[in-house]
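Chain and residue survey
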Amino acid sequence: YKVVFEYGGESSETYIKVSADPRIDVQLANLQARETFLKKNEALSTEVSAATKKLDEAQKVLDKVTAMIKDIKTDEAKALDEAAKDIKKKLDLTREAFNGPKREGQGIVRNLYPTTMTRQFAPRSYANSSYGAPGATEERLYNQAKESADEAIAKVNEFINGDWKAFEEKVK
């Protein structure tokens, strides 16, 4: 790395080499296995992110529809408003598949049980805490995260292809 130090009008630069801790025996094969594991976990996180983006887009559309019909007093607008309230409840319920149920309380309130999002973090955290190859614990955590993500993504797809499509038809 190149380090540049500036103070006042003076500047000094030098190159430094960052080495691994010599007390730790690092094996290249272990680092490669860890990198492969982290990439697999990153791919899972990308799938989860894509699913949550679908929910975010649906929320934006719902907010626009609600804003458009807010001041309209026709029977059709009232029916659409009721449909929007109903779909919002279903959207929030679908979002709970990722973040868990909303809990009320002052300050930061933790979920009582692991959620899809907390399960996404655990295998990455365990793998990053060691120079060794991922073991049985990391694989078990990844499998739990994958199972949780698959269930949540299935709920999103069911919502988007079912209730959301029906709501879009009503809006049109």
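See above for the structure.
For clarity, every value in this text was computed on a predicted model and none was experimentally measured. (Residues numbered from 1 in each chain as written. Predicted model: local features only at pLDDT ≥ 70, side-chain atom pairs only at ≥ 80, totals over all residues. Heavy atoms only, no water.)

A look at the environment of Phe5
Summarising the element assignment, Phe5 is placed in strand 1 (residues 2-7). If we ignore the near neighbours within four places in the chain, the residues touching Phe5 are Glu10, Ser11 and Ser12. (Helix = DSSP H or I, 4+ residues; strand = E, 2+ residues; numbered from the N terminus. Contact = heavy atoms within 4.5 Å.)

Looking at the packing of helix 3 (residues 116-128) against helix 4 (residues 136-171)
One way to put it is that helix 3 packs onto helix 4 with a least axis distance of 8 Å and a crossing angle of 155 degrees. Here helix 3 lies roughly antiparallel to helix 4, going by the angle between them. The element helix 3 and its partner helix 4 pack so that their crossing is left-handed. Between helix 3 and helix 4, the residues in contact are Thr116, Arg119, Gln120, Ala122, Pro123, Tyr126 and Ala127 and Thr137, Glu138, Leu141, Tyr142, Gln144, Ala145, Ser148, Ala149 and Ala152, respectively. When the residues that make up the contact of helix 3 with helix 4 are grouped by side-chain class, the tally is 9 nonpolar, 5 polar and 2 charged. (Axes fitted to C-alpha atoms, helices over the stretch in contact; angles between N-to-C directions. Parallel < 35°, antiparallel > 145°, perpendicular 65-115°, else oblique. Left-handed = near helix turned anticlockwise from the far one by under 90°. Nonpolar A, V, L, I, M, F, W, Y, C, P; charged D, E, K, R; others polar.)

Observations regarding the pattern of salt bridges
This model, assessed by the stated rule, comprises 10 salt bridges. One salt bridge in this structure joins Lys40 and Glu139, with 3.3 Å as the shortest N-O distance. Pair noted here: Lys40 is in helix 1 (residues 28-69) and Glu139 is in helix 4, with a separation of 99 residues, a long-range link. With its nearest N and O atoms 3.7 Å apart, the salt bridge here joins Asp81 to Lys85. Highlighted residues: Asp81 and Lys85, both in helix 2 (residues 75-99), separated by 4 residues, approximately one helical turn. The network of salt bridges with common partners includes Asp86, Lys90 and Asp163. (Salt bridge = Lys/Arg side-chain N within 4 Å of Asp/Glu carboxyl O.)

Quick notes on a nonpolar patch on the surface
On the surface, a nonpolar cluster with roughly 430 Å² of combined accessible area is contributed by Tyr1, Val3, Ile16 and Val18. Take Val18: its relative accessible area is 59%, and that puts it in the exposed class. (Patch = residues over 30% accessible without salt bridge, like charges linked within 9 Å, V, L, I, M, F, W, Y side chains within 5 Å. Areas by Shrake-Rupley, 256 points an atom, 1.4 Å probe, with all protein chains shown as cover. Buried < 20%, exposed > 50% of the residue type's maximum accessible area, 1.4 Å probe, protein only.)

Brief notes about the packing of aromatic side chains
Any aromatic ring pair is given by two values, namely how distant the centres are and how the planes are angled relative to each other. On inspection of all chains with the given rule, the structure shows 3 aromatic pairs. Arranged with centres 6.1 Å apart and planes meeting at 65 degrees, the rings of Phe37 and Tyr142 form a pair that is edge-to-face. Of the two residues, Phe37 sits in helix 1 while Tyr142 sits in helix 4, which places them 105 residues apart along the sequence. On the accessibility criterion, Tyr142 (10% relative accessible area) is buried. Considering the side-chain rings of Phe159 and Trp164, the 6.2 Å spacing of their centres and the 35 degrees angle between planes classify their relative orientation as tilted. Of the two residues examined, Phe159 and Trp164, each falls in the buried class. The ring of Tyr142 carries the charged tip of Lys40 above its face, separated from the ring centre by 4.4 Å. (Phe/Tyr/Trp six-rings, centres within 6.5 Å; stacked < 30°, edge-to-face > 60°. Lys NZ or Arg CZ within 6 Å of the ring centre and 35° of its normal.)

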